[in-house]
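Read off the chains here:
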Amino acid sequence: MNVSLGPFSFQTTHLLLLISLLIACGVGNWVGRHQKVKTGKVLLDMLLAGLVAGRIVFVASWFAQYRTAPLSIIDIRDGGFTPWAVLLAALAFGAWRMLGQPRLRNPLAAGMLAGALAWCTSGAPLLLNLSERKPLPTVALDTPGGAPVSLAALAQGRPLVLNLWASWCPPCRQEMPLLASAQQRNRDVVFVFVNQGEDGQSVMAYLNGSQVALENVLLDSGSAIGREVGSSALPTTLFYDAGGRLANSHLGAVSAASLESKLAGLRKPR
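Residues numbered from 1 in each chain as written. Predicted model: local features only at pLDDT ≥ 70, side-chain atom pairs only at ≥ 80, totals over all residues. Heavy atoms only, no water.

K.L.:
Would you explain the pairing of strand E9 (residues 246–251) in this entry?
P.N.:
Side chains on a regular strand alternate between the two faces of the sheet. Across 5 bridges, the pairing between strand E8 (residues 236–240) and E9 is antiparallel. If you follow Phe239 over to E9, its bridge partner there is Asn248. (Pairing = 2+ DSSP bridges. Helix = DSSP H or I, 4+ residues; strand = E, 2+ residues; numbered from the N terminus.)

Next up, the structure:
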């Protein structure tokens, strides 16, 4: 699920994380008001330390994919972070700051606790769990030639990667060669490219002109599948396991490393 604010689109869980951070800052500052202790900067530094550590671990884990495009290491829009490394580094940084500044201990601990409670009670963990259980969409789709097709019929008990795209979308065009290559290499996974809102003639004209070889290109003329999965932004890529349940998702252009990490998770027994 995502939330749109003007031209920008955010995953719901990211927005809830931001709200939890603001609550943590507010509670920490309130607890430390008598000693004039501010926790906002420390909490932000904790988050930054966690993100840096999480990025480093992720890049190290998938360095083979980053090797061919080293500048992509700093492009964090691909969402490539290792969660456990983020959490451990953030907590370690917070503990280090509390050891060096005893007056910071109670306010920072209170802020961290408030942020954790806000996250847990916001419904974010529930959203994550529910999203993992969502089945394959049942929206009626067509081939560019007009033949009806269902996603379940294409999957036939195999993992499925569902990419929502449009020819007018620059990030969609950017990631398409990467997805086309992955489709050829990973024959045990079904890749499906569902165009949103365009007719068959326009879609085929674009694909023929781009010289990108894609299999399983389908049409969703009413963009109904985006509404069913709760996504209003393009590109959106959804990863379904062999049981037809949503295992992961990616909003925006996917990088080689992020794609490989999600494909690896897709093959794990659930």
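Now that the structure has been shown, the text picks up again.
K.L.:
How should the nonpolar core be read in this particular structure?
P.N.:
Most often, soluble globular proteins have nonpolar side chains that are buried together. Within the largest apolar cluster, 25 residues are counted, with the highest numbers of intra-cluster contacts made by Trp165, Phe191, Leu207, Leu214 and Leu263. Residue assignment for this core shows that the elements contributing at least two residues are strand E5 (160–165), helix H8 (170–185), strand E6 (190–196), helix H9 (200–210), strand E7 (217–220) and helix H11 (256–267). For Phe191, the contacting residues outside a window of four places in its chain are Val161, Leu179, Ala182, Gln183, Asn186, Glu215, Asn216 and Leu263. With 18 residues, the next largest nonpolar core counts Leu141, Leu162, Val229 and Tyr240 among its residues. (Core = buried A, V, L, I, M, F, W, Y, C linked by side-chain atoms within 4.5 Å. Buried < 20%, exposed > 50% of the residue type's maximum accessible area, 1.4 Å probe, protein only. Contact = heavy atoms within 4.5 Å.)

K.L.:
Can you walk me through the state of the cysteines in this structure?
P.N.:
Throughout this description, disulfide means a covalent bond between two cysteine sulfur atoms. Under the criterion given, the structure shown has 1 disulfide. Each disulfide pairs two cysteine sulfurs, and for Cys169 the partner residue is Cys172, the sulfurs being separated by 2.4 Å. Residues Cys169 and Cys172 are joined by a disulfide whose S-S torsion is about 80 degrees; by sign, that bridge is right-handed. Comparing Cys169 with Cys172 shows no difference in burial state: the two are buried. (Disulfide = S-S within 2.5 Å.)

K.L.:
Honestly, the environment of Pro137 in this entry has me stumped. Any pointers?
P.N.:
Here Pro137 is to be found in the loop between helix H6 (124–133) and strand E3 (141–142). Spatially, the C-alpha atom of Pro137 lies 9.3 Å from that of Gly244, the residues being 107 residues apart in sequence. Contact partners of Pro137, with chain neighbours within four places excluded, come to Leu151, Leu162, Ile225, Glu228, Val229 and Tyr240.

K.L.:
Explain the side chain of Ser167 to me, please; I cannot follow it from the model alone.
P.N.:
Mapped onto the elements, Ser167 comes out in the loop between E5 and H8. Under the relative-accessibility criterion, Ser167 is labelled buried at 16%. Within the structure, the side chain of Ser167 is placed 2.5 Å from the side chain of Glu198, a separation counted as a polar contact. Each residue touching Ser167, except ones within four places of it in the same chain, is listed here: Arg173, Asn195, Glu198 and Tyr206. (Polar contact = N/O pair within 3.5 Å; in protein donor to acceptor, adjacent residues only side chain to side chain.)

K.L.:
Honestly, the UniProt feature "transmembrane region" (unreviewed entry) in the chain in this entry has me stumped. Any pointers?
P.N.:
Mapped onto this structure's residue numbering, the UniProt feature "transmembrane region" (unreviewed entry) falls at residues 12–31, 43–64, 76–96 and 108–128. For residues 76–96, the helix share is 67%, the strand share is 0%, and the end-to-end C-alpha distance is 26 Å. (UniProt positions renumbered as here; feature names shortened; annotations may be inferred.)

K.L.:
Would you take a moment to explain the side chain of Gln196 for this structure?
P.N.:
By the secondary structure assignment, Gln196 is in strand E6. Other than its neighbours up to four places away in sequence, Gln196 contacts Leu164, Trp165, Ala166, Asp220, Ser223, Ile225, Gly226 and Leu234.

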